[in-house]
Amino acid sequence: MQFGIFTVGDVTPDPTTGRTPSERERIKAMVAIALKAEEVGLDVFATGEHHNPPFVPSSPTTMLGYVAAQTEKLILSTSTTLITTNDPVKIAEDYAMLQHLADGRVDLMMGRGNTGPVYPWFGQDIREGINLAIENYALLRRLWREDVVDWEGKFRTPLQGFTSTPRPMDGVPPFVWHGSIRSPEIAEQAAYYGDGFFHNNIFWPADHTKRMVEFYRKRFAHYGHGTPEQAIVGLGGQVFMRKNSQDAVREFRPYFDNAPVYGHGPSLEDFTEQTPLTVGSPQQVIERTLGFREYAGDYQRQLFLMDHAGLPLKTVLEQLDMLGEEVVPVLRKEFAKGRPADVPEAPTHASLRAAAAAEKKADEAADGSAAKASDKKEAGV
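Being a predicted model, the structure only gives us computed values, none of them experimental. (Residues numbered from 1 in each chain as written. Predicted model: local features only at pLDDT ≥ 70, side-chain atom pairs only at ≥ 80, totals over all residues. Heavy atoms only, no water.)

A. A look at the sheet that holds strand S2 (residues 44-47). The strand order across the open sheet built from nine strands is S3-S2-S1-S13-S10-S9-S8-S5-S4, with neighbouring strands paired in parallel fashion. Whereas interior strands pair on both sides, the edge strands pair on one side only; in this sheet they are strand S3 (75-78) and strand S4 (81-82). As paired elements, strand S8 (residues 175-179) and strand S9 (residues 196-199) share three bridges and run parallel to each other. Across the sheet, Gly179 pairs through a bridge with Phe198, a residue of S9. (Pairing = 2+ DSSP bridges. Helix = DSSP H or I, 4+ residues; strand = E, 2+ residues; numbered from the N terminus.)

B. Inspection of the packing of aromatic side chains at higher detail. According to the stated counting rule, one finds 11 aromatic pairs in the structure shown. A ring pair is formed by Tyr299 and Phe335, whose centres lie 5.5 Å apart and whose planes are at 80°; its orientation type is edge-to-face. With a gap of 36 residues between them, Tyr299 in the loop between helix H11 (292-296) and strand S13 (301-305) and Phe335 in helix H12 (residues 313-336) connect regions that are remote in the sequence. For the residue pair Tyr299 and Phe335, the accessibility class agrees, reading buried in each case. Ring pairs connect the aromatic residues Tyr137, Tyr192, Tyr193 and Tyr223, which therefore count as one cluster. (Phe/Tyr/Trp six-rings, centres within 6.5 Å; stacked < 30°, edge-to-face > 60°. Buried < 20%, exposed > 50% of the residue type's maximum accessible area, 1.4 Å probe, protein only.)

C. The arrangement of the environment of Pro344 in detail. Mapped onto the elements of the fold, Pro344 is located in the loop between H12 and helix H13 (349-378). We classify Pro344 as partly exposed; its relative accessible area is 27%. Remark: the alpha-carbon pair of Pro344 and Glu287, spanning 57 residues in sequence, is separated by 23 Å. Contact partners of Pro344, with chain neighbours within four places excluded, come to Gln230, Ile232, Gln300 and Arg339. (Contact = heavy atoms within 4.5 Å.)

Keep in mind these numbers describe shape, not what the thing actually does.
In structure tokens:
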């Protein structure tokens, strides 16, 4: 399994001090968090994409390119690439460029975001959100897989003889996850293409996540990509840790109570009971996370949200130390136990390149066999 963190990049006052970081401070903090993720042995750093306050990550490829230059192993991803309001041509070119700069350490998660006004800001209609996601992604796949594209659709001007540059590294496009909290149409889209499905797994109870993941797995098998158990699943999660649970609850409570998304709503106790949010000791985080497999099956990627709601950078870095030293090593070991051999690992550029080479070799062998059969037939053998 791959373990990592994702950020939404919110600029939120620290409720314990009243201080709000500047945008520059928050951006620099996100970079420091990414570098810390590699230092403590995590696999993935993912950033959201937002175009409105109080969020700052409006240009994920800029940030990820900067992080790529300072890391060696970390997979760079997005926790949302807005497939609905970004031009698919620009996505194809931007992320192929990033892929080359990062030596293939790139994948991305397509999503529709959580901000309705972003649609008119970029000239689109929110009522067409699902249709935009479907059409734009269909075009993006062609741009990455075909050297010359002729295309006409509903939501952008036609393309005639168009070549997206640069071409994907080694002829292998970045792996794509489709992220959704509540839309079965997006799970269906992921299944149709044999892509990954990422469930945010933060705001909803386990039974909802279970239904979404099971639906994706069944449709993945329906489209002939493998068994339901071989589908590529990722989950989010949200944690706050201290050595003992009482300290964790006491320290995190003011941040929870004033968080921009769920603050001033259900109590911390109700929220941790009804959703995957875990506030407690490292052992409690381990036990809760291992429980995800009970309703999601054996899955490939686990990302945690840890730097939100005004938490100071020092605190987040302490959280990452605990995650990397005390939690993830145990999770790696325990998730590996009983994992069926036919359940695939999380895709990487290396594995995708190897699969493409094997497929090409098989196709060439099949073509050779067909040619020999044809020659024999013509010779009357």
